[in-house]
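# Breakdown of the fold
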Amino acid sequence: MTETLRPDLCIVGAGSAGLSVAAAAAALGVPVVLIERGQMGGDCLNAGCVPSKALIAAARRAHDIRQAADFGLGAPEPQVNYARVREHVRSVIGAIAPNDSQARFTALGARVVRASARFVARDTLEAGNVIVKARRFVLATGSRPAVPDIPGLDTVPFLTNETVFDLTRRPEHLVVLGGGPVGLELAQAHRRLGTPVTVIEAGRALGHEDPELAAHVLAALARDGVVVREGATVREVAGEEGDIRLVVENRGSRTELKASHLLVATGRRPVTDGLELAAAGIAHDEHGITVDQHLRTTNRRVYAIGDCAGPAAGGRRFTHVASYHAGLVIRSALFRLRPRVDMRAMPRVIFTDPELAVVGMTEEEARADGTRITVLRWPLAENDRAQAERRTEGEIKVILGRGGRILGCGIVAAGAGELITPWTLAIAHDLKIRDLAELTVPYPTLSEISRRVAMSYYAPSAARPMVRRLIGLLRRFG
Ligand SMILES: Cc1cc2nc3c(=O)[nH]c(=O)nc-3n(C[C@H](O)[C@H](O)[C@H](O)COP(=O)(O)OP(=O)(O)OC[C@H]3O[C@@H](n4cnc5c(N)ncnc54)[C@H](O)[C@@H]3O)c2cc1C
Ligand SMILES: NC(=O)c1ccc[n+]([C@@H]2O[C@H](COP(=O)([O-])OP(=O)(O)OC[C@H]3O[C@@H](n4cnc5c(N)ncnc54)[C@H](O)[C@@H]3O)[C@@H](O)[C@H]2O)c1
């Protein structure tokens, strides 16, 4: 029997974006219907952030064992058991899953419907045997791997982020297609777990990042033994399970590359299939569901957020972006405010080792903007804690505008994802470099790099003859 529901808010997709809206709305006592056709928690919990970071943590332990001799410790080569590593990954997912579960959201007061949603009219949606007529809808249907159109690829078994975390045996040779965050995080993790890994990147690896910062990450990957072939194109794929052959073209010459496993990590595509967006007058294209700066679609009662939303949503696909969107939609849909998407202080982190964290403008973006900028740098090798930990690869790079205004910061370091937060705060609150230079930071910590780079702004002034004369003058007063 069909049931008709009339909530204030109907959310499609129980991933990072949808769950954040549902939790906030339910906490405010707003009637909510949450529709999910797959697993609660979406990509982040089941096939993205959580399993990748759990795998990276296991790989880091293997790496630490191999590095033990540098610290005067004897340790044998780590015995990696892929099946047990998989169990570790699953148990981390299991530990977090209750936060995203149907039981939790039902207890919070949301009505959770486990079915595929599709619009039947501008204000009506159908999911299983439920009809939903809501005052507002939020589409949070996420993204899926974009699979390139390479001859033969559809004839061989290949992995994506949806299947790679299920490996129970060490691949003999993993070839990764795509040198973006997904490709490189997983390439390094598998290499450290003992798998030979080759990355094939059509352009430049970490091509969206500052080349100077990306170079540190690529140097670390090379030291680990990951082979990264940039400017390489796969022309053809053939073979079968365990025996995949790729024809790779690089600077005009073609070579054959053999792989036991192939991981496709060549970007993401928004998920809109089955939604019948046309029935609700909602426009979309290959970049996502069309939204304005308030995350409204072309149907004013419908919002789109998270990975499925088009470029005006900020053009970045991260879990924290999804929850930021959720906050904007709550203010807009429930409090009738009109907040705009503002990505100026939105950080991003690539969880390789060392990590690469960025907030605000890169040097290239600031120069393209025509702003007169000052660039500050401080190498990690000048940090005492980094030396003690033997983790000196990296640097902090800060972009300043007029009067020492902080426009952007990029950090490559172990734990850069943690170190970026004061810079995020600085940009969000329009702080000046002086504010960072005046901070007292505990010694010896990696955080000192932030103060040291800030202080370097004043180094040229300290050397000025006028400053020296002033100090001499003041000395005379005792
Ligand atoms: C390997 C990997 C690692 C990542 N690591 C990080 C990281 O470290 N940090 C970070 O910030 N981001 C990371 N990301 C990105 C992050 O996972 C995504 O940005 C985030 O999961 C997007 O959340 P979402 O809610 O928009 O989409 P999703 O999590 O994909 O959720 C969408 C949900 O909608 C459901 N759905 C779709 N269509 C319908 C329908 N018609 N009816 C009902 N339900 C539907 C789907 O089943 C799904 O559960 C990573 C991504 C990958 C692939
Ligand atoms: N740490 C994190 O927060 C994190 C981690 C992983 C993913 N993510 C999110 O997931 C998104 C997707 O990541 P991604 O790495 O899949 O995509 P991406 O678009 O960032 O990188 C894909 C790479 O593949 C290359 N490529 C495309 N087609 C190719 C082909 N046919 N052959 C060889 N190379 C090809 C591109 O040049 C690009 O460098 C990220 O942008 C990010 O939003 C975040």
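Residues numbered from 1 in each chain as written. Chains lettered and ligands numbered in written order. Predicted model: local features only at pLDDT ≥ 70, side-chain atom pairs only at ≥ 80, totals over all residues.

Another aspect to go through is the overall build of the chain. A tally of regular secondary structure across the chain gives 16 helices and 25 strands. When each of the 478 residues of the chain is scored for burial, the buried share is 43%. Restricting the contact set of the chain to residue pairs at least 6 apart, pairs at least 24 apart contribute 66%. (Helix = DSSP H or I, 4+ residues; strand = E, 2+ residues; numbered from the N terminus. Buried ≥ 20, exposed ≤ 12 C-beta atoms within 10 Å, placed from the backbone. Contact = placed C-beta atoms within 7 Å.)

Let's shift gears to the packing of helix 3 (residues 49-67) against helix 4 (residues 82-96). Following both chains from N to C, one finds helix 3 and helix 4 inclined at 135 degrees, their axes separated by 9 Å at the closest point. Taken together, the axis directions place helix 3 and helix 4 in an arrangement best described as oblique. In the packing of helix 3 onto helix 4, the handedness of the crossing is right-handed. In this structure, helix 3 uses Val50, Pro51, Ala54, Leu55 and Ala58 to contact helix 4, whose residues at the interface are Val85, His88, Val89, Val92, Ile93 and Ile96. (Axes fitted to C-alpha atoms, helices over the stretch in contact; angles between N-to-C directions. Parallel < 35°, antiparallel > 145°, perpendicular 65-115°, else oblique. Left-handed = near helix turned anticlockwise from the far one by under 90°.)

Every one of the 38 residues lining ligand 1 counts as a neighbour, but Gly13, Gly15, Gly42, Gly142 and Gly306 are closest to it. Looking at the shell around ligand 1, the elements with two or more residues in it are helix 1 (16-27), helix 2 (42-47), helix 3 and helix 8 (319-335). (Near = placed C-beta within 6 Å.)

Taken together, 25 residues form the shell around ligand 2, and within it Gly178, Gly180, Val182, Gly267 and Arg317 come nearest. Going through the elements one at a time, helix 6 (181-192), strand 11 (197-201) and strand 21 (348-350) are the ones with two or more residues in the shell around ligand 2. Top contributing element to the shell around ligand 2 by residue count: helix 6, with four residues. Within the shell around ligand 2, the residues separate by chemical class into 12 nonpolar, eight polar and five charged. (Nonpolar A, V, L, I, M, F, W, Y, C, P; charged D, E, K, R; others polar.)

Turning our eyes to something else, we now look at unusual backbone geometry. A cis amide bond links aspartate 353 with the next residue in sequence, proline 354, at an omega value of 5 degrees. With respect to the helices, strands and loops of the structure, proline 354 is situated in the loop between strand 21 and strand 22 (355-360). Between tyrosine 443 and the following residue, proline 444, the backbone shows a cis peptide bond with an omega angle of -10 degrees. Within the secondary structure, proline 444 sits in the loop between helix 13 (433-437) and helix 14 (448-455). Despite not being glycine, leucine 295 has its phi angle at roughly 70 degrees, a positive value. Assignment of secondary structure puts leucine 295 in the loop between strand 19 (288-289) and strand 20 (302-304). Its identity is not glycine, yet aspartate 430 carries a phi of approximately 55 degrees, on the positive side. By the C-beta count within 10 Å, which is 11 here, aspartate 430 ends up exposed.

Moving on: the sheet that holds strand 20. Sheet strands line up and pair through hydrogen bonds in the backbone, either parallel or antiparallel. What the five strands build is an open sheet, ordered 4-3-2-8-20; its pairing is parallel. Sheet topology places strand 4 (111-113) and strand 20 at the edges, where each strand pairs with a single neighbour. If you compare each strand with its neighbour and ignore which way they point, the axes differ by 20 degrees on average. (Pairing = 2+ DSSP bridges.)

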